Amino acid sequence: MAENKSPMNDKKPAVELARDMGLMHVTMIGVGAMIGAGIFVLTGMAAGIAGPALLLVFLFNGIVAGLTAMAYAELGSCFPEAGGGYLWVKEALPQPNGFLSGWISWFAHAVACSLYAVAFGAFAVDLFHNAGLDLSGLLPKVAGVASHEVAAKLIAVIIVLLFVYINFRGAKEAGQAETFVTIVKIVIIALFIGFGIYAMFAGKTPEPWQGNFSGFFQKGAVGIIMAMGLTFIAFEGYEIIAQCGEEVKNPKRNIPRSILLSLLIVVPIYILVAFVALGAVSPEGGLPTWVYLGQKGELAMIEAAEHFMMGKVGRIIFLIGGLFSTMSALNATIYSSSRVSFAMGRDHNLPGVFSRIHAKTRTPHVAIFLSGVLIIFMAVAFPIEDIASATDAMFLLLFVFVNLAVINLRKNRPDLDRGFKVPLFPYIPVAAAVLNLSLAVFLFFYRPIGVFVCLGYILLGIVIYYYYSKKKESTAKAEPVIHAEHPLKQEEPRSFRILVPIANQKTVEQLMNFATRIARSKSADITVMNIIQIPAQLPPSEGRKYLGKARELLFTGIKVAEEQDIPVYSLVKVSRKIPKAIIETCEERKINLVVLGWEGDIPARNRVFGTIMDELILNTTCDIAMVCKPPSYEAVIERILIPVSSINYALLSLKIAEALTSENKTPITLFHAANSDDIEAIKQKFLENLQEKKDEIDPSRYEVIIKNSQWVAESIMAETQHHDLIIMGAPEEGLVRRALFGDLPAYIAHELDTSLILTKKYTGHVKSWFQKFFGTRKTMLD
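Since the structure is predicted, the reported quantities are computational estimates derived from the model, not experimental observations. (Residues numbered from 1 in each chain as written. Predicted model: local features only at pLDDT ≥ 70, side-chain atom pairs only at ≥ 80, totals over all residues. Heavy atoms only, no water.)

### Some details on the pairing of strand S4 (residues 568-575)
- Counting buried positions along S4 yields eight of eight residues, so the element is predominantly enclosed.
- Across the two faces of S4 the burial is the same, with Val568, Ser570, Val572 and Val574 and Tyr569, Leu571, Lys573 and Ser575 all buried.
- Note: strand S3 (residues 525-533) against S4, eight bridges, orientation parallel. Opposite Asn530, over in S4, you have Val572 as the bridge partner. (Buried < 20%, exposed > 50% of the residue type's maximum accessible area, 1.4 Å probe, protein only. Helix = DSSP H or I, 4+ residues; strand = E, 2+ residues; numbered from the N terminus. Pairing = 2+ DSSP bridges.)

Here you go:
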């Protein structure tokens, strides 16, 4: 089979953006995106959670963000045109990960917009109040919510509707104002820091400022971690740099540098903001500063500005900065959320209505409108603390996906031209994924309602994927079939169905001989299939030129099956991605077992069996038998060896061994290497487990051998010398475990000269999806 190429690399001739952004320009874009609404809105809340240790919150968050930023830097240098985490995950990880990353990204940007809208409403109410217009006096309480909060949420709805309309119109003016807004934000933050430091060190505070930092760790580690989770969104802006990739000069060099430089600039600024907010504010009545800031919530920074930044004038200046910042963030997040949902509609992950383009404005009007509905619902239905918690949790989960994507692509696509590589691989992306997930979990202790909303949304997404999106996507993107034939003897399809993809005339008979042995035992039929792979630039119809060669392969396979009186179907598909065509066929034809051939060569470093095989092992929704060194049909199999860790995980290997030898009842040896002296107890346990499975296998056919050894691979290799067929589990190690520990079955496959069959049991959607990432050590020897 020819190796498939990533769709990201299969370019069609297209108009490209001019690369006119240098290192400093793109770095400032990242800085402007990070020094945004988050620092205006969340600092006070975080101070109330972490106490004076707020300084450490921003420092540690900078470190954690730096770990994930390395993943963005590597992926951004590989795919400078890709445009961010959602597309990277779709490229790197199997479904439903691509769907879920888009689903989470849509919600994350929409709820972030809700956060900025509610903050804008609070700032606007305060600005009106300072101008002498008390809006809260004009509105009643609603469901126990104070009138000033009702006013803030009403303004939030109005501003969302305004920006939904602006995005619908596709107004260029909103984008042209971004540079001005960034300058305003940076100037106001600089004034805040300057006035604060002056007040602290010029003796302008009523009490020595050092006292504000007493009891530095009084909120403990849990408080620090919860505050880290809450404020992590303030570091999210480096994703914008990756989205600018097509306009950056020398992107392989400048994208990684700008991502890391932007963090090095922003983290000290955040620490200085926290330092002056805690040190320069002296509340009346001896109330600790961090308590005071926590009580003021989203208005805390505005209150702080009034304390040391020219009184009311400073308050109004900071309010204007907050209003500008939240409006900028509103526009950006409405745009981002609508574009993600639009892309998902275009990819058939969401209903096609999301992908509609307005005839006049040329904008995805339905996606914008529905994103606006979600934004308004979250803004009105939940307090700002819950909205912030949900926002951060979703972005943190998205970053987990990105770190897993960089691990997968480094393992399976070492050929990519990387301008930057994450050092200490895979430990840094694994650590980043674990830390991001941990911060998301700890948000539950801060505002559980926000986390419950996220979990409910993710579960809804999983249901939508398996009951709608998967079917729609499969139907819309199904590979064309240009040849399909039924058996000469027309009969009903069998209850057990075997698929044999073939690509090499030298191995067709070997694969079909193996498949017919299984089919005879299972009373199964066989579908023999050839895939014509075409490049992205060609239409599927071009594949017909190669139909003659494909039919020659199929004829050889059909002949073997018919000689054994096995019902056989033949099929040719045209596809740009071989694994996709095989996986689709398994689902369409309800295949129970797919038989794959592997010639034993590793096409690139760090792959297990090769890109195609690895993808099939991870994603095929049926059992797999990978025939590495097949026995001939005429060969007499005298002794079979199955290395095992447990009977449950080895069950498919046992069933295939019995099916291959159903006529001559060849002895089957189960081998287990245990680093233990209690050999007899372990052997007895295996014998008992065999008896428990007597409804599925014949326990009398098995001999159990247990050896005391800590060198598993060497023990297995030594035992193979006494057998003429080895059957063992293919690598089901999760992505993280494979990156850390490697693959024992792959090592055996490469070193062994004896006939070898690798099996992989399909464990269902949820379990298989979990095992793709984390797996279980037991599956190494099934």
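That was the structure; now back to the text.
### Topic: the pairing of strand S8 (residues 668-674)
- A large share of S8 lies buried, amounting to seven of its seven residues.
- Residues Ile668, Leu670, His672 and Ala674 line one face of S8 and the alternating positions Thr669, Phe671 and Ala673 line the opposite face, and both faces are buried.
- For the crossover from strand S7 (residues 640-643) across helix H23 (residues 647-660) to S8, the handedness is right-handed.
- Across seven bridges, S8 lies against strand S9 (residues 702-708) in parallel orientation. Across the sheet, Leu670 pairs through a bridge with Val704, a residue of S9.
- Of the crossover connections in this fold, the one passing from S8 over helix H24 (residues 679-692) to the parallel S9 is right-handed. (Right-handed = clockwise from strand over helix to strand, strands pointing away.)

### Comments concerning the pattern of salt bridges
- Overall, the coordinates contain 15 salt bridges when judged by the stated rule.
- For Arg315, the salt bridge is made with Asp126, and the minimal N-O distance between the two is 2.8 Å. Placement of Arg315 in helix H14 (residues 312-346) and of Asp126 in helix H5 (residues 97-130) is noted, with a sequence separation of 189 residues between them.
- On the accessibility criterion, Arg315 (5% relative accessible area) is buried.
- Judged by its relative accessible area of 10%, Asp126 is buried.
- A salt bridge links Arg639 to Glu703, with the shortest nitrogen-to-oxygen separation between them at 3.4 Å. With Arg639 in the loop between strand S6 (623-629) and S7 and Glu703 in strand S9, this residue pair connects regions lying 64 residues apart in the sequence.
- One network of salt bridges, with partners in common, ties together Asp126, Glu303, Glu306, Lys312 and Arg315. (Salt bridge = Lys/Arg side-chain N within 4 Å of Asp/Glu carboxyl O.)

### Quick look at the state of the cysteines
- Taken as a whole, this structure holds zero disulfides when the rule is applied.
- The closest cysteine sulfur to the non-disulfide-bonded Cys586 is located on Cys622, 3.8 Å from its own sulfur. (Disulfide = S-S within 2.5 Å.)

### So, the packing of aromatic side chains
- The final tally for this structure, using the stated rule, is 28 aromatic pairs.
- Taking the centre distance of 6.3 Å and the plane angle of 90° together, the rings of Phe377 and Phe382 count as edge-to-face.
- Summarising the aromatic geometry, the rings of Tyr465 and Tyr466 are spaced 5.0 Å apart at their centres and angled 80° between planes, so their arrangement reads as edge-to-face. The pair Tyr465 / Tyr466 is uniform in exposure class, with both members buried.
- Here a set of aromatic residues connected by ring pairs shows up, and it is made of Phe58, Tyr72, Trp88, Phe232, Phe235, Tyr270, Phe395 and Phe399.
- The ring of Phe425 carries Arg410 above its face, with NZ or CZ at 4.3 Å from the centroid.
- Seen from the ring of Tyr569, Arg497 lies directly overhead, with NZ or CZ sitting 5.2 Å from the centre. (Phe/Tyr/Trp six-rings, centres within 6.5 Å; stacked < 30°, edge-to-face > 60°. Lys NZ or Arg CZ within 6 Å of the ring centre and 35° of its normal.)

### Describing H5
- With 34 residues, H5 should cover 50 Å at 1.5 Å per step; its first-to-last C-alpha distance of 49 Å lies within 8% of that length.
- For H5, a buried count of 30 out of 34 residues is recorded, marking the element as mostly surrounded by other parts of the structure.
- In the segment just after H5, Gly132 is the residue with positive phi, at about 95°. (Expected span 1.5 Å × (residues − 1).)

### Structural notes on helix H21 (residues 578-588)
- By the criterion of burial, H21 is predominantly enclosed, with eight of the 11 residues buried.
- Every buried residue belonging to H21 is among Ile578, Pro579, Ala581, Ile582, Ile583, Glu584, Thr585 and Cys586, and all of these are buried.
- One or two residues past the end of H21 sits Lys590, with phi positive at roughly 55°.

### Structural notes on the confidence of the model for the protein chain
- The share of residues in the protein chain with pLDDT of 70 or more is 80%, and the mean pLDDT across the chain is 79.
- Mean pLDDT in the protein chain bottoms out at helix H26 (residues 735-741), which sits at 44, and peaks at strand S2 (residues 497-501), which reaches 93.
- Residue range residues 1-20 is modelled with pLDDT below 50. Its contacts to residues more than four positions away, or to other chains, number 52 contacts. (pLDDT = per-residue confidence, 0-100. Contact = heavy atoms within 4.5 Å.)

### A few points about the nonpolar core
- The biggest cluster of nonpolar side chains holds 163 residues, and the ones touching the most others in it are Val41, Phe123, Phe192, Tyr238, Tyr270 and Met394.
- Among the elements that take part in this core, H5 stands out by supplying 21 residues, more than any other.
- Counting 56 residues, the second-largest nonpolar core is a separate cluster that includes Ala561, Ala659, Ile668 and Tyr702. (Core = buried A, V, L, I, M, F, W, Y, C linked by side-chain atoms within 4.5 Å.)

### What to know about the packing of helix H13 (residues 300-308) against H14
- With their axes 7 Å apart at the nearest point, H13 and H14 run at an angle of 145° to one another. Here H13 and H14 pass one another in a crossing that is right-handed. Along the contact surface, H13 presents Met301, Ile302, Glu303, Ala305 and Glu306, while H14 presents Lys312, Gly314, Arg315, Phe318 and Leu319.
- Its residues assigned to classes, the contact of H13 with H14 comprises five nonpolar, one polar and four charged. (Axes fitted to C-alpha atoms, helices over the stretch in contact; angles between N-to-C directions. Left-handed = near helix turned anticlockwise from the far one by under 90°. Nonpolar A, V, L, I, M, F, W, Y, C, P; charged D, E, K, R; others polar.)

### Section: a nonpolar patch on the surface
- Together, Leu437, Val441, Phe444, Phe445, Phe452 and Leu455 make up an exposed nonpolar region whose accessible area comes to about 570 Å².
- Elements that contribute at least two residues to the nonpolar patch include exactly helix H17 (427-446) and helix H18 (448-476).
- Tallying contributions element by element places H17 first for the nonpolar patch, with four residues.
- Of note, Leu455 is situated in helix H18. (Patch = residues over 30% accessible without salt bridge, like charges linked within 9 Å, V, L, I, M, F, W, Y side chains within 5 Å. Areas by Shrake-Rupley, 256 points an atom, 1.4 Å probe, with all protein chains shown as cover.)

### Some words on unusual backbone geometry
- That bond from Phe425 to Pro426 is cis: its omega, 5°, falls within 30 degrees of zero.
- With phi around 55°, Ser523 is a residue other than glycine that occupies positive phi space.
- Relative to the assigned elements, Ser523 resides in the loop between helix H19 (508-522) and S3.
- The backbone phi angle of Asp565 is positive, close to 60°, even though this residue is not glycine.
- Summarising the element assignment, Asp565 is placed in the loop between helix H20 (547-563) and S4.

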